[in-house]
Amino acid sequence: MSSQPSLAERAAALFQDIQARICEGLESLDGKARFKTDEWKRTDLHGEKGGGGLTRILANGAVFEKAGVNFSQVRGTMPADFAAKLGAAREEMPFFATGVSLVIHPYSPMVPTTHANWRFLQLGDKQWFGGGSDLTPYYLEDEDAIHFHSTVKSVCDRYSSEYYPRFKKWCDEYFYLPHRQETRGIGGLFFDYIGRDDGADLEAFFPFVRDLGLAFNEQYLPIVERRKDLSFSEEQKKFQLLRRGRYVEFNLLYDRGTHFGLQTNGRIESILMSLPAVVHWDYCPEVRSGSREEYLLETLKKPREWV
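This section reports on the structure supplied with the text. Since this is a predicted model, take the numbers as computed values, not measurements.

### Observations concerning the side chain of T299
Consideration 1: Of note, T299 is situated in helix α10 (residues 292-299).
Consideration 2: Those residues within four positions of T299 in sequence are excluded, and the remaining contacts are L140, I186, R304 and W306.

### So, the pattern of salt bridges
Consideration 1: Inspection of the entire model under this criterion finds 29 salt bridges.
Consideration 2: Between E203 and R10 there is a salt bridge whose closest N-O contact spans 2.6 Å. Taken together, the residues span a long stretch of sequence, with E203 in helix α5 (residues 202-214) and R10 in helix α1 (residues 7-30) at a distance of 193 residues.
Consideration 3: In the salt-bridge network here, residues are joined through shared partners; they are E143, D144, R226 and R227.

### Here's the deal with the nonpolar core
Consideration 1: Counting 61 residues, the largest nonpolar core has F15, F64, W118, F129 and F191 as its most contacted members.
Consideration 2: Of the residues forming this core, the biggest block, 11 residues, is contributed by α1.
Consideration 3: Core analysis: the next-biggest nonpolar cluster, separate from the first, contains 13 residues, V74, M93, F95 and A97 among them.

### Notes on the packing of aromatic side chains
Given two aromatic rings, one states the distance between the centres and the angle between the planes to describe the pair.
Consideration 1: Scanning the model with the defined rule gives 26 aromatic pairs in all.
Consideration 2: Between Y163 and F205, the ring centres sit 5.9 Å apart and the planes meet at 70°, which makes this aromatic pair edge-to-face. One end of the pair, Y163, is in helix α4 (residues 163-174); the other, F205, is in helix α5, with 42 residues separating them in the sequence. Residue Y163 shares its accessibility class with F205, and that shared class is buried.
Consideration 3: Its end group placed over the ring of Y247, R184 keeps NZ or CZ at 4.0 Å from the ring centre.
Consideration 4: For the cation-ring pair, K237 lies above Y107, with the distance from its terminal atom to the ring centre recorded as 4.2 Å.

### Things to note about a nonpolar patch on the surface
Consideration 1: There is a patch of nonpolar side chains on the surface, built from L252, L253, L262, I268 and L272 and spanning about 430 Å² of accessible area.
Consideration 2: Relative to the assigned elements, I268 resides in helix α9 (residues 268-271).
Consideration 3: Relative accessible area serves as the criterion here: at 45%, I268 is assigned to the partly exposed category.

### A short note on the state of the cysteines
Consideration 1: Scanning the entire structure with this criterion turns up 0 disulfides.
Consideration 2: A disulfide-free cysteine, C156 has its sulfur positioned 11 Å from the sulfur of C171, the nearest such atom.

Thresholds applied
- Residues numbered from 1 in each chain as written.
- Predicted model: local features only at pLDDT ≥ 70, side-chain atom pairs only at ≥ 80, totals over all residues.
- Heavy atoms only, no water.
- Helix = DSSP H or I, 4+ residues; strand = E, 2+ residues; numbered from the N terminus.
- Contact = heavy atoms within 4.5 Å.
- Salt bridge = Lys/Arg side-chain N within 4 Å of Asp/Glu carboxyl O.
- Core = buried A, V, L, I, M, F, W, Y, C linked by side-chain atoms within 4.5 Å.
- Buried < 20%, exposed > 50% of the residue type's maximum accessible area, 1.4 Å probe, protein only.
- Phe/Tyr/Trp six-rings, centres within 6.5 Å; stacked < 30°, edge-to-face > 60°.
- Lys NZ or Arg CZ within 6 Å of the ring centre and 35° of its normal.
- Patch = residues over 30% accessible without salt bridge, like charges linked within 9 Å, V, L, I, M, F, W, Y side chains within 5 Å.
- Areas by Shrake-Rupley, 256 points an atom, 1.4 Å probe, with all protein chains shown as cover.
- Disulfide = S-S within 2.5 Å.

This is the structure in structure tokens:
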């Protein structure tokens with residue numbers, strides 16, 4: 001009799017399925033571009049086979065300027081310094097990591113950028129889940145923020161009334177740029193190290209991660225449908241490119257997934273797929289008092305309760 005697949009194997013299969021479903025939804029909505037698929041392999045720290053992944057990129061679409069949805073399943077030896085950063089001893093040790101991560105940069109500044117990531121890791125004798133999703137609008141519509149948060153809250157509430165407030169707060173604190181004193185966007189959910197040190201039942205947590213991933217299209221695509229055909233000015237497009245700069249700053253300075261990939265000999269193109277194709281940094285840009293741009297910036301100074 002064959003044995004049941006391990007939690008790691010089931011997580012990898014789940015993340016591949018989530019990738020496929022999200023790519024199908026994005027292609028259908030865009031209506032023009034198709035995902036380019038790139039299967040890759042990695043070499044471990046000591047030159048051994050270290051797993052790989054499937055990166056899918058949609059570019060220059062009718063709606064999406066760049067959308068990257070990456071699946072990875074990697075293994076090998078964790079460098080000692082990075083193992084210590086992840087809560088283990090400062091020594092080389094075996095690890096396994098699998099996950100799906102995505103960043104979607106629409107062409108229109110009326111459509112928010114979004115990010116999501118769900119992952120499972122084993123390091124030495126410990127294992128855990130992490131991930132979440134968040135929304136980064138350029139022209140904030142409260143209706144969109146409420147929809148995004150309501151959808152993910154409904155998933156949380158099926159498992160625990162404590163999940164949404166706990167993971168929403170975690171998200172607001174994580175996606176924060178201290179050097180800018182503002183959040184990256186209007187939040188969502190974030191959690192990490194679930195099961196590593198807290199005694200959480202990962203078998204019980206697995207269905208929650210599954211349902212979050214499968215709810216992503218419902219969480220984001222209706223917002224795109226509402227905003228994709230709205231007109232916008234050159235000034236509004238420029239503001240979007242300036243705000244994309246904040247996205248780049250966070251991903252390069254603070255994002256744990258980026259740091260993990262760079263520290264474990266990950267595939268650079270797949271790690272940096274999150275970066276937008278076009279971005280601006282202007283010196284001391286200003287916004288008009290009472291403008292929609294000011295409304296966004298004021299909102300990002302202090303997280304709000306959307307639902």
